[in-house]
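# Coordinates in review
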Amino acid sequence: MKERLDFEAMAKRLLQDDRRKRVAVAAPEDEHTGEVISRCLREGMADFVLFARREKAGRAEELAAISPGHAETVMVDTPEEAARMAVTAVREGRADVLMKGTLNTDVLLRAVLDKENGLLIPGHTLSHITAAHIPQYEKLVLFADAAVIPRPDTEQFDAILKYALNVFRRLNGYECTPRVALIHCTEKTSDKFPHTLSYAELKRRAAEGRYGRMAIDGPMDVKTACDSESARIKGLTSDVTGKADILIFPNIEAANTFYKTITLFAGATTAGMLCGAVAPVVIASRADSTEAKMGSLLLACNMA
């Protein structure tokens, strides 16, 4: 029987790797980020380069001392310098993953998106993929985009879908068939809702084989996508209904609301990362828990 994929399984994979992934952290000054770094160093899951402001460097040096030879501290003067230097470390191959600590997301994104010195792959779309372990659901579910693209157009949906499929296949194995649900409030396609027209185009491209082996269906609501009984009552059956692996939401409002709802009311454990850059980027909120930041780093290191 295949091992259930969850965040502890991701941690075990890192421990089994021949080489530790190296993480560049911009401004590792908050308590939760420090706890993540501490756990990873103590358990041997990752190495770190910590870009810390001079007045906050004491904590970074304490963290680096946990596992000498597996973490180093680089002093900087400003959050902007921390972001630029962490991005440079990744771009030059001195780190495999970029992680945000205590600095505003827009500061890090400016460095990531810098046309000359950033990390965005030319011609690619930057998007955000979230993985969630929801206690009431039988498996890890991926969804997008809860953080970056406000209202995707067809080509942005295409990029989001490709990123989500890549994450699924890297985590679960290329022999597994991902099931993708295109989320909407009803099952009807209408020009009143332009995203449903984009969904129709994604399904057409999938039928042509552009995305490889996969199942895709929609529009449908989240209950139809993830609950077989709801789908049965509605008279809807497909390879996706009731067992979706990937949820593609119509806009950032819907995806972000889903994200906040499952974490607050359903006890979900989540992890998120940016796709479209030369390396995984973790931009967890400064208010995220240690568990959420740990999950995000585990996901990113598994994808690096």
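To start, this report covers the structure provided alongside it. (Residues numbered from 1 in each chain as written. Predicted model: local features only at pLDDT ≥ 70, side-chain atom pairs only at ≥ 80, totals over all residues. Heavy atoms only, no water.)

## A look at the side chain of Lys21
As a reminder of what qualifies: Numbering of helices and strands runs from the N terminus; a helix is a DSSP stretch of H or I covering at least four residues, while a strand is a stretch of E covering at least two. Polar contact is the term for a pair of N or O atoms within 3.5 Å; when the atoms are in protein, one must be able to donate a hydrogen and the other to accept it, and sequence-neighboring residues count only if both atoms are side-chain atoms. The contact criterion used is simple: two residues touch if any of their non-hydrogen atoms lie within 4.5 Å.
Its location among the elements puts Lys21 in strand β1 (residues 21-26). Separated by 2.9 Å, the side chain of Lys21 and the backbone oxygen of Cys301 make a polar contact. Setting aside its immediate chain neighbours within four residues, Lys21 contacts Ala46, Asp47, Asp96, Cys301 and Ala304.

## Describing the pattern of salt bridges
For clarity, the threshold we go by: Counted as salt bridges are all cases of a side-chain nitrogen of Lys or Arg within 4 Å of a carboxyl oxygen of Asp or Glu.
Using the criterion set out here, one finds 25 salt bridges in the structure. Residue Lys21 pairs with Asp17 through a salt bridge whose shortest N-O separation is 3.9 Å. Linked through salt bridges whose partners overlap, the residues forming this network are Glu155, Asp158, Lys162, Glu201, Arg204, Arg205, Glu208 and Arg210.

## Looking at the pairing of strand β2 (residues 46-53)
Where we set the bar: Summary of the burial criterion: residues with accessible area below 20% of their type's maximum are buried, those above 50% are exposed, and those between are partly exposed, where the area comes from a 1.4 Å probe applied to protein chains only. Pairing between strands is defined by DSSP: at least two bridges between them are needed. Throughout, right-handed denotes a crossover for which the path from the first strand over the helix to the second runs clockwise when the strands point away from the viewer.
Burial within β2 is extensive, with eight of its eight residues counted as buried. Residues Ala46, Phe48, Leu50 and Ala52 of β2 are buried on one face, and the alternating residues Asp47, Val49, Phe51 and Arg53, pointing to the opposite face, are buried as well. Across six bridges, β1 lies against β2 in parallel orientation. Within β2, the position partnered with Arg22 by the bridge is Asp47. Once you follow β1 into helix α2 (residues 31-43) and on to β2, the crossover reads as right-handed. Where β2 and strand β3 (residues 71-76) come together, six bridges link them in parallel fashion. Following the sheet pairing, Phe48 is matched in β3 by Ala71. Between the parallel elements β2 and β3, the chain passes through helix α3 (residues 57-64) in a crossover that is right-handed.

## Some points on unusual backbone geometry
For the peptide bond that leads from Ala144 to Asp145, omega is -10°, which places it in the cis range. Inspection of the secondary structure assignment puts Asp145 in the loop between β6 (141-144) and α6 (154-172). That bond from Gly218 to Pro219 is cis: its omega, 5°, falls within 30 degrees of zero. With respect to the helices, strands and loops of the structure, Pro219 is situated in strand β8 (residues 215-220). Unusually for a residue other than glycine, Ala27 sits at a positive phi of about 60°. A relative accessible area of 0% places Ala27 in the buried class.

## Here's the deal with the pairing of strand β4 (residues 97-100)
On β4, burial covers both faces: Val97 and Met99 on one face and Leu98 and Lys100 on the other are all buried. Across four bridges, the pairing between β1 and β4 is parallel. Within β4, the position partnered with Ala26 by the bridge is Lys100. Sheet topology note: the β4/strand β11 (residues 281-282) ladder contains two bridges and is parallel. Each residue of the ladder has a partner; that of Met99, found in β11, is Val282.

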